[in-house]
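So you can see what is in the structure, the chains are spelled out below.
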Amino acid sequence: YSFCTLLFMFSAIEFTLLLISTISADPPCETRLEVDTNTANSMSSTKIELVYFNIHARGELTRLCFAAAGRLSELKDTRLPLFMDSSAAAMEWSVEHAPKTPFGYVPYLNVAEGTKSFQVSGDGAVEMFAARHCNLLGDSPLDAAVCNTISAKAVGLLGPGLTRAGLQKDSMTIIRSLGPQGHIGDTFDGLEKYVNRLHGKATSDPAYRDTGSYANSNGNGSSSHFYVLGDKISLADLAIYNSVDECIRGPRSTEFFERVDKLLRREYPTLLRVYDQVTKDLAGYLTTRNVQRPLDQP
């Protein structure tokens, strides 16, 4: 054979051997499965501590996330004495607890993953971290953005003024804040319109202020349940619930302001439908939620 012929034959044999080895090689799915398993193990080993006052308000949304996911036993719930309750509590906050916070306020999370530990602080960051950990941000980046939009607005309402009014049983102050010129009423009005638009209900629709009509068409053809994202509970529903409940029942859910409840149901029927749905879904937790649960107890 000529040199060129031998070179051609050698190349053909080499190609054939390469093709055979490629076909017989194991697919890379084993590697992918091991990565997914490691990720799942990492999530299950994450330890989270919520540090907040012994009220609901801005810290309660994290608790609600774990309750809705059926993972409340994984959350270490550290409740500090509320500085409004007494001068001793105020002194304890300023001397002992405030210096431990990342930025001088609560809530914040202490998170441990293996040998790493870090803190999460700030309105929005805390709730989004908890919701992501509990798989409560829907099924897409768009769902997550909706949850973030609603929770940021709802959590922003839960300031010291509303807490103080609830503790002092001052329902008139709450009612004034729910009026057309009140900051809570203005935000609730925006949230009502936002959720209605998500469900294809224009605010000019006659059913907009008609709870009965709206109950028959919630955007997904079902009247058995109602969630912001349509088919399952999410951070958005929990955030709406938490802010509405603070207005109706106060920062420890020990009151019932009937006039506030009637006003909210008249003016914001969609938000109150979400509120009632979460009340039903989390009934077991809501009846016992003032009980502190250590990390190692269900």
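Here, the structure is the one placed above.
Scoring rules and cut-offs
Residues numbered from 1 in each chain as written. Predicted model: local features only at pLDDT ≥ 70, side-chain atom pairs only at ≥ 80, totals over all residues. Heavy atoms only, no water. Helix = DSSP H or I, 4+ residues; strand = E, 2+ residues; numbered from the N terminus. Buried < 20%, exposed > 50% of the residue type's maximum accessible area, 1.4 Å probe, protein only. Contact = heavy atoms within 4.5 Å. Areas by Shrake-Rupley, 256 points an atom, 1.4 Å probe, with all protein chains shown as cover. Core = buried A, V, L, I, M, F, W, Y, C linked by side-chain atoms within 4.5 Å. Salt bridge = Lys/Arg side-chain N within 4 Å of Asp/Glu carboxyl O. Phe/Tyr/Trp six-rings, centres within 6.5 Å; stacked < 30°, edge-to-face > 60°. Axes fitted to C-alpha atoms, helices over the stretch in contact; angles between N-to-C directions. Parallel < 35°, antiparallel > 145°, perpendicular 65-115°, else oblique. Nonpolar A, V, L, I, M, F, W, Y, C, P; charged D, E, K, R; others polar.

### Some points on the overall build of the chain
Point 1. Across its full length, the chain holds 14 helices and four strands.
Point 2. Taken across its 298 residues, the chain has 44% of its residues classed as buried.
Point 3. Counting only contacts in the chain whose residues sit at least 6 apart along the sequence, the fraction spanning at least 24 positions is 68%.
Point 4. Accessible surface for the chain amounts to roughly 15600 Å². Of this, 57% is attributable to carbon and sulfur atoms.

### Overview of the nonpolar core
Across soluble globular proteins, nonpolar side chains have a tendency to be buried as a group.
Point 1. Core analysis: the largest hydrophobic core is formed by 73 residues, its most contacted members being Leu178, Phe188, Leu238, Cys247, Val260 and Leu264.
Point 2. Take this core: its biggest share by element is nine residues, from helix H11 (residues 235-249).
Point 3. For Phe188, the contacting residues outside a window of four places in its chain are Leu157, Leu178, Ser243, Val244, Cys247, Leu264, Tyr268 and Leu271.

### Some words on unusual backbone geometry
Point 1. In this structure, the amide linkage connecting Val106 to the following residue, Pro107, adopts the cis form with an omega of 10°.
Point 2. Mapped onto the fold, Pro107 is located in the loop between helix H4 (87-97) and strand S3 (108-113).
Point 3. Backbone geometry at Ala57 places phi at a positive 45°, although glycine is not the residue there.
Point 4. Relative to the elements of secondary structure, Ala57 occurs in the loop between strand S1 (47-53) and helix H3 (60-68).
Point 5. Given the relative accessible area of 1%, Ala57 is considered buried.
Point 6. If you check the backbone angles, Lys169 has positive phi at about 55° while not being a glycine.
Point 7. Among the secondary structure elements, Lys169 is positioned in the loop between helix H7 (160-167) and helix H8 (171-178).

### A short note on the pattern of salt bridges
Point 1. Enumeration over the complete set of coordinates arrives at 14 salt bridges.
Point 2. Across the salt bridge formed by Arg58 and Asp123, the nearest N and O atoms sit 2.4 Å from each other. Of the two residues, Arg58 sits in the loop between S1 and H3 while Asp123 sits in the loop between strand S4 (116-121) and helix H5 (125-133), which places them 65 residues apart along the sequence.
Point 3. Note that Arg289 is salt-bridged to Asp245, the shortest N-O span being 2.7 Å. With Arg289 in the segment after helix H14 (283-286) and Asp245 in helix H11, the pair connects residues that are 44 residues apart, well separated along the chain. Assigned by exposure class, Arg289 and Asp245 land together as buried.
Point 4. One salt-bridge network, held together by shared partners, links Glu60, Arg63, Asp77, Arg79, Asp245 and Arg289.

### What to know about the environment of Ser234
Point 1. In this fold, Ser234 is placed in the loop between helix H10 (211-215) and H11.
Point 2. Taking the C-alpha atoms as reference, Ser234 lies 9.5 Å from Ala69; in sequence the two are 165 residues apart.

### Quick notes on H5
Point 1. Considered for burial, the residues of H5 that qualify are Val126, Glu127, Met128, Ala130, Ala131 and His133.
Point 2. Following H5 by one or two positions, Asn135 has its phi on the positive side, about 60°.

### Topic: the packing of aromatic side chains
Point 1. Under the definition given, this model contains seven aromatic pairs.
Point 2. Taking the centre distance of 4.9 Å and the plane angle of 15° together, the rings of Tyr241 and Tyr275 count as stacked. Taken together, the residues Tyr241 in helix H11 and Tyr275 in helix H13 (residues 269-281) connect sequence positions 34 residues apart. Here Tyr241 matches Tyr275 in class, with each residue buried.
Point 3. Within the aromatic cluster, the residues linked to one another by ring pairs are Tyr52, Phe53, Phe83 and Trp93.

### Thoughts on the packing of H11 against helix H12 (residues 258-267)
Point 1. Running from amino to carboxyl end, H11 crosses H12 at an angle of 140°, the nearest separation of the two axes being 8 Å. As the angle between them shows, H11 and H12 are arranged oblique. Taking contact as the criterion, the partners of Val244, Cys247 and Ile248 in H11 are, on H12, Val260, Asp261 and Leu264.
Point 2. Of the residues belonging to the contact of H11 with H12, the class tally is five nonpolar, no polar and one charged.

These values are about where atoms sit, not about what they do.
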